[in-house]
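# Inside the fold
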Amino acid sequence: MSVNSPKLKNASLAYLLLISTSLLGCTNITNQPAPRILDIDSTSFAKYWVAKDKLIHWQKSLHTTSEVDIELTGTQYLVSFVVDSDGQMQQLEIINSTTGELLDKARTAKASEQQFHPTVQNSSHQAVRISTSFRL
């Protein structure tokens, strides 16, 4: 059955055009690249973000008992985390540099709640990944 009516042909073409532009709009939304995370060192971190409480107190942030505190005194840790564009700490990993042990999420939960404010130089809220160390 062929379509002979000009109104029906125009309606069919308009419908096809609407569907194709809708699909193009959907692909543009889903193919947006993830925000780029800039890898920086600890000396550059202050150019991008400042801890809400001014400093990160790792000993207070790590869930430990008094017995474990004594055992861990003087231990050096390697830490890596991302501060996302909203100033939230993500992907926190803390490794005991003596044993090579990765601290579990239960011990690092409070530390990962740390929030950050962007600096004046970081008006674009650039997400960053930092790797550094600290000693308890």
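Please refer to the structure placed before this passage.
Worth saying up front: this structure is predicted, and the values here are computed from it rather than measured.

Parameters at a glance
Residues numbered from 1 in each chain as written. Predicted model: local features only at pLDDT ≥ 70, side-chain atom pairs only at ≥ 80, totals over all residues. Heavy atoms only, no water. Core = buried A, V, L, I, M, F, W, Y, C linked by side-chain atoms within 4.5 Å. Buried < 20%, exposed > 50% of the residue type's maximum accessible area, 1.4 Å probe, protein only. Helix = DSSP H or I, 4+ residues; strand = E, 2+ residues; numbered from the N terminus. Contact = heavy atoms within 4.5 Å. Pairing = 2+ DSSP bridges. Axes fitted to C-alpha atoms, helices over the stretch in contact; angles between N-to-C directions.

Let us look at the nonpolar core. Considering soluble globular proteins, one finds that nonpolar side chains tend to be buried as a cluster. Ranked by size, the top nonpolar core spans 21 residues in total, and within it Phe45, Trp58, Phe81, Leu92, Ile94, Phe116 and Phe134 carry the most contacts. Residue assignment for this core shows that the elements contributing at least two residues are strand E1 (37-40), strand E2 (49-51), strand E3 (76-83), strand E4 (89-96) and strand E6 (127-135). No other element matches E3, which puts four residues into this core. Beyond its immediate sequence surroundings of up to four residues, leucine 92 is in contact with Trp58, Val79, Ser80, Phe81, Thr108, Ala111 and Ser112.

Turning our eyes to something else, we now look at the sheet that holds E1. The four strands lie next to each other as E1-E6-E3-E4, forming an open sheet whose pairing is mixed. In this open sheet, the two strands that pair with only one neighbour each are E1 and E4. On average, adjacent strands in this sheet sit at an angle of 20° to one another, irrespective of strand direction. With four bridges connecting them, E1 and E6 associate as parallel partners. What sits directly across from isoleucine 40, in E6, is isoleucine 130.

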